[in-house]
Amino acid sequence: MTKKIKHVLGISGGKDSSALALYVKETRLELEIEYFFTDTGYELPETNDFVDQLEEKLGYIHRLNDRSLNNMEGRGDKTFSHLLKEHGNYLPSQRDRWCTIQMKLKPFEQWVDAFIADGYEIKNYVGIRADEPNRTGFMVIEKPIESIFPFREDGIVRSDIENILQRNGLELPAYYEWRSRSGCTFCFYQQKIEWLKLKEKHPSLFEEAKTFEKGKDNNVVGETFYWMGQGQPLSTLEDPEVQQRIIENHEKKVDRFKKKRRRNALLDNSEGFCEFNDLDEIYDEAEGGGACVTCYK
């Protein structure tokens, strides 16, 4: 009896997953891929615009939210505010990434459940590259789902990603002009300079992020936690002196990074330098800064 296999590929709105979708369409012509985008409802406008552009190239992309689960019940009224209340008003953090589980993985799980119930095995294509040997595409779902890594199989590295996008008529997503990753507008992995840019580019979304912060009025026992860390509410970014310190610190890091590139003969080329595409290196962090692959890739 022939196995029933469903091939699925998730798009985060990031450059790698987007390039992977285009690359698999080019190189695995025999596969019928179901593309999906797990819309949390808190995506950047630039991310949604880019996913629309991708859909023109790829064909239909499933939006996994309460409006597009093929008559299945989605998150319903479980907005981030609702989920935050369920978690005792404790914001997600690097120690407890409940946002990824609740807003990304669970909708995906619900979507593939229908395929699994119909006897399908799931092959999930993940945008981890050949130059990321320590990444695993970790998934906490206990389901018959196999992760496939075409970039790793074919030796595709970071420098190839933009070329894949460009030969398909796309450039990097517009948010790279001011931010290093896709994902929710209030992602706690952002650097302070990115929070400032969010305030500048999308002030209403910045204000929304402020409303989610846990303060003394939430009546929660324990330490107060904010998106930027303990004792650092987003309201501090209203202070012009704080803004200036963040900008000056960022500019120093960028200058140091550029000098480091020039000293390295292999990277002695400033063409194509994209400040926010290189932000993790600028801040001496591993690519992604520890963020969840399913969110930012």
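Quick caveat: nothing in here was measured; it's all calculated off a predicted structure.

Novice: Got a minute to help me understand the overall build of the protein in this structure?
Specialist: What the protein contains, in helices and strands, is eleven helices and five strands. Scored against the burial criterion, the 297 residues of the protein give a buried share of 49%. The long-range share in the protein, meaning contacts at least 24 apart out of those at least 6 apart in sequence, stands at 69%.

Novice: What am I meant to see in the pairing of strand β4 (residues 120-125) here?
Specialist: A regular strand places its side chains so that they alternate between the two faces of the sheet. Of the pairings in the sheet, the one linking strand β1 (residues 4-10) to β4 comprises six bridges and is parallel in character. By the bridge assignment, Val 8 is partnered in β4 with Asn 124. Two elements, β4 and strand β5 (residues 145-148), share four bridges in a ladder whose sense is parallel. Looking across to β5, one finds that Tyr 125 is bridged to Ile 148.

Novice: Is there a simple way to explain helix α6 (residues 158-167) in this structure?
Specialist: Structurally, the α-helix is built with 3.6 residues per turn, so residues lying three or four positions apart point the same way. Among all positions of α6, only Ile 161, Ile 164 and Leu 165 are buried. Down the axis of α6, the buried side of the element spans an arc of 95 degrees, and every buried residue falls inside it. The exposed residues of α6 that point more than 90 degrees off its buried face are Ser 159 and Arg 167. Elements that come into contact with the buried residues of α6 comprise α1 (15-27), α2 (45-58) and α5 (150-154). A positive phi of about 80 degrees marks Gly 169, the residue just after α6.

Novice: Hey, could you run me through the pattern of salt bridges in this one?
Specialist: Any two side chains of opposite charge can pair, given that their charged atoms come close. Tallied over the entire structure, the rule returns 21 salt bridges. We note a salt bridge from Glu 34 to Lys 6, for which the minimum N-O separation is 3.5 Å. One end of the pair, Glu 34, is in strand β2 (residues 33-37); the other, Lys 6, is in strand β1, and 28 residues separate them in sequence. Residue class for Lys 6 comes out buried when judged on its relative accessible area of 14%. When salt bridges with common partners are traced through the structure, they connect Asp 16, Arg 129, Asp 131 and Glu 132 into a single cluster.

Novice: Is there a simple way to think about the packing of α1 against α6 in this case?
Specialist: Two numbers describe a pair of packed helices, the interaxial angle and the distance between the axes. Relative orientation of the contacting elements α1 and α6 amounts to 60 degrees, with a least axis distance of 9 Å. In terms of axis orientation, α1 runs oblique to α6. When the axes of α1 and α6 are compared, the crossing they make is left-handed. Every residue of α6 that contacts α1 at Lys 15, Asp 16, Ser 18, Ala 19, Leu 22, Tyr 23 and Glu 26 is listed here: Ile 161, Ile 164, Leu 165 and Arg 167. For the contact of α1 with α6, the per-class residue count stands at six nonpolar, one polar and four charged.

Novice: How should the environment of Ile 164 be read in this particular structure?
Specialist: Mapping Ile 164 onto the fold places it in helix α6. When the C-alpha positions of Ile 164 and Ala 19 are compared, they lie 5.9 Å apart, and in sequence the two are 145 residues distant. Those residues in contact with Ile 164 that lie beyond four places of it in its chain are Ala 19, Leu 22, Tyr 23, Phe 151 and Ile 156.

Novice: How should I be thinking about unusual backbone geometry in this particular structure?
Specialist: Glycine aside, residues mostly have negative phi, and peptide bonds are mostly found in the trans state. Phi at Asn 89 takes a positive value of approximately 65 degrees, unusual for a residue other than glycine. Mapped onto the secondary structure, Asn 89 falls in the loop between α3 (80-86) and α4 (98-117).

Novice: I would appreciate a short explanation of the packing of aromatic side chains in the present structure.
Specialist: Each aromatic ring pair is characterised by the separation of its centres together with the angle its planes make. Tallying each qualifying case throughout the model produces 18 aromatic pairs. With a centroid separation of 5.4 Å and 15 degrees between ring planes, the pair formed by Phe 80 and Trp 98 is classed as stacked. With Phe 80 in helix α3 and Trp 98 in helix α4, this pair connects stretches of sequence that are 18 residues apart. Looking at Phe 80, the relative accessible area reads 0%, which means it is buried. Centre to centre, the rings of Tyr 175 and Tyr 176 are 4.8 Å apart; their planes meet at 35 degrees, and the pair counts as tilted. One exposure class covers both Tyr 175 and Tyr 176, and it is buried. Taken together, the ring pairs connect Tyr 42, Phe 80, Trp 98, Phe 186, Trp 195, Phe 212 and Trp 227 into an aromatic cluster. Taking NZ or CZ as reference, Arg 152 lies 5.2 Å from the ring centre of Phe 149, over its face.

Conventions adopted
Per-chain numbering applies: the sequence of each chain, read as written, is numbered from 1 onward. Whole-chain, interface and lining totals are the exception, using all residues; otherwise, since this is a predicted model, local features are given only for residues with pLDDT of at least 70 and side-chain atom pairs are given and counted only at 80 or more. Only heavy atoms go into the side-chain values, all of them from the structure, while hydrogens and water stay out. Helix and strand definitions follow DSSP, with helices as H or I runs of at least four residues and strands as E runs of at least two, each counted in order from the N terminus. Relative accessibility under 20% of the residue-type maximum defines a buried residue, over 50% an exposed one, and the middle range a partly exposed one, all with a 1.4 Å probe and only protein chains included. Contact criterion: two residues are considered in contact whenever any of their non-hydrogen atoms come within 4.5 Å of each other. Each pair of strands is called paired provided DSSP finds at least two bridges between the two strands. Directions pointing from the helix axis toward each C-beta atom define the arc. Note on definitions: salt bridges are taken to be side-chain nitrogens of Lys or Arg within 4 Å of carboxyl oxygens of Asp or Glu. An axis is simply a line fitted to the C-alpha atoms; with a helix, the fit covers only the stretch in contact. Between two such axes, the angle follows the N-to-C directions and lies from 0 to 180 degrees. The scheme is simple: roughly parallel for angles under 35 degrees, roughly antiparallel for over 145, roughly perpendicular for 65 to 115, oblique for anything else. Throughout, a crossing is termed right-handed when the near helix is turned clockwise from the far one, and left-handed when it is turned anticlockwise from it by less than a right angle. Residue polarity follows a fixed list, in which Ala, Val, Leu, Ile, Met, Phe, Trp, Tyr, Cys and Pro are nonpolar, Asp, Glu, Lys and Arg are charged, and the others, Gly among them, are polar. Ring pairs shown here join Phe, Tyr and Trp side chains whose ring centres sit within 6.5 Å, with only the six-membered ring taken for Trp; geometry is labelled stacked below 30 degrees between planes, edge-to-face above 60, and tilted in between. Two thresholds decide whether a charge sits over a ring: the Lys NZ or Arg CZ must be within 6 Å of the ring centre and within 35 degrees of the ring normal.

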